[in-house]
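Single-letter residue listing:
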Amino acid sequence: MKILIVFLLFITFAQAQQKSFSEAALNDVFLSENNKEITLSEVLQQYKGKTVFIDIWASWCKDCIVGMPKVQKLREKNPEIIFLFLSLDKEIDSWKHGIEKYGVGGENYFIPSGWKGPFCSSIDLDWIPRYMVINSEGEISLYKAIETNDKKLLKALK
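Residues numbered from 1 in each chain as written. Predicted model: local features only at pLDDT ≥ 70, side-chain atom pairs only at ≥ 80, totals over all residues. Heavy atoms only, no water.

Trainee: For the nonpolar core, give the residues involved together with the corresponding values.
Mentor: In terms of nonpolar packing, the biggest core is built from 51 residues, with F21, F53, I56 and F119 touching the most fellow members. Apart from residues lying up to four places away in sequence, F21 is in contact with L26, L40, L44, I54, F119, I123, M132, I134 and I140. (Core = buried A, V, L, I, M, F, W, Y, C linked by side-chain atoms within 4.5 Å. Buried < 20%, exposed > 50% of the residue type's maximum accessible area, 1.4 Å probe, protein only. Contact = heavy atoms within 4.5 Å.)

Dropping the structure here:
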């Protein structure tokens, strides 16, 4: 019985943690395409009241590149949704070249702090591409997907 209670508490706690970003994540500084520093909080504030699809990717990531046309199809089918691309490229030039080379349409930001930075650490990033969905209330409605045809992802976009 105690194990069941502990398990239920863990599940409840884990789900509660997945509804919002940590303070450290919200304060992580990204770079815009025109090299301006902006925090995750400021990025999300721009799209307040809208559904936001987040794609964490890198131009060196084969799975990311294979998935990019599928993400762009989702974007075409859902023009009311903001598509936010967060890059884990090692260099800004590689990131910008990747945006052009792979036709990454949407809002693009570079994560200078990388995999071990506050944002990626807070979401337990273990694989890219990583897809997340923020609902119009500003809550994380989909914490993790790695495929564009994931049923939970598609449901979160509706």
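Once you've had a look at it, read on.
Trainee: Can you break down the packing of aromatic side chains residue by residue, with the values?
Mentor: For the coordinates displayed, the defined rule picks out 5 aromatic pairs. Ring centres 5.8 Å apart and planes at 45° place the aromatic pair F21 and F119 in the tilted group. Residue F21 is located in the loop between α1 (2–17) and α2 (23–26), and its partner F119 is located in helix α6 (residues 118–122); the two are separated by 98 residues in the primary sequence. Residues F21 and F119 agree in their burial class; the two are buried. Within the aromatic cluster, the residues linked to one another by ring pairs are F21, F30 and F119. Over the ring of W60 we find K90, and its NZ or CZ is 4.6 Å from the ring centre. Positioned above the aromatic ring of Y143 is the side chain of R130, whose terminal nitrogen or guanidinium carbon lies 4.9 Å from the ring centre. (Phe/Tyr/Trp six-rings, centres within 6.5 Å; stacked < 30°, edge-to-face > 60°. Helix = DSSP H or I, 4+ residues; strand = E, 2+ residues; numbered from the N terminus. Lys NZ or Arg CZ within 6 Å of the ring centre and 35° of its normal.)

Trainee: Please provide a residue-by-residue account of the state of the cysteines, values included.
Mentor: Counted according to the given criterion, the structure contains 1 disulfide. The disulfide that involves C61 links it to C64, with 2.4 Å between the sulfurs. Classification of the bridge connecting C61 and C64 rests on its S-S torsion, roughly 80°, and on that basis the disulfide is right-handed. Across the pair, exposure class does not vary: C61 and C64 are buried alike. (Disulfide = S-S within 2.5 Å.)

Trainee: How would you sum up the sheet that holds strand β4 (residues 82–87)? Please name residues and give values.
Mentor: Adjacent strands of a sheet pair through backbone hydrogen bonds, lying either parallel or antiparallel. Pairing within the open sheet is mixed, and its 7 strands lie in the order β2-β1-β5-β4-β3-β6-β7. On the outer flanks of this sheet lie β2 (37–39) and β7 (140–145), each paired with one strand and no other. The sheet shows a mean angle of 30° between the axes of neighbouring strands, taken without regard to direction. Of the pairings in the sheet, the one linking strand β1 (residues 29–32) to β2 comprises 3 bridges and is antiparallel in character. Directly across from V29, in β2, lies its bridge partner T39. Strand contacts of helix α4 (residues 62–77): β3 (52–57), β4 and β6 (130–134), with the helix running at about 165° to β3, the strand carrying the most contacts. Contacting β1, β3, β4 and β5 (107–110), helix α5 (residues 92–101) runs over the sheet at an angle of about 160° to β5. (Pairing = 2+ DSSP bridges. Axes fitted to C-alpha atoms, helices over the stretch in contact; angles between N-to-C directions.)

Trainee: Please give an account of α5 that cites residues and values.
Mentor: Residues of α5 that are buried include every one of W95, G98 and I99, and no others. Viewed along the axis of α5, the buried residues span an arc of 100°, placing them on a single side of the element. In this structure, α5 carries D93, H97, E100 and K101 as exposed residues pointing more than 90 degrees from its buried face. Packing partners of the buried residues in α5 comprise β1, β3, β4 and β5. Two residues or fewer after α5 comes G103, characterised by a positive phi angle close to 60°. (Arc of directions from axis to C-beta.)

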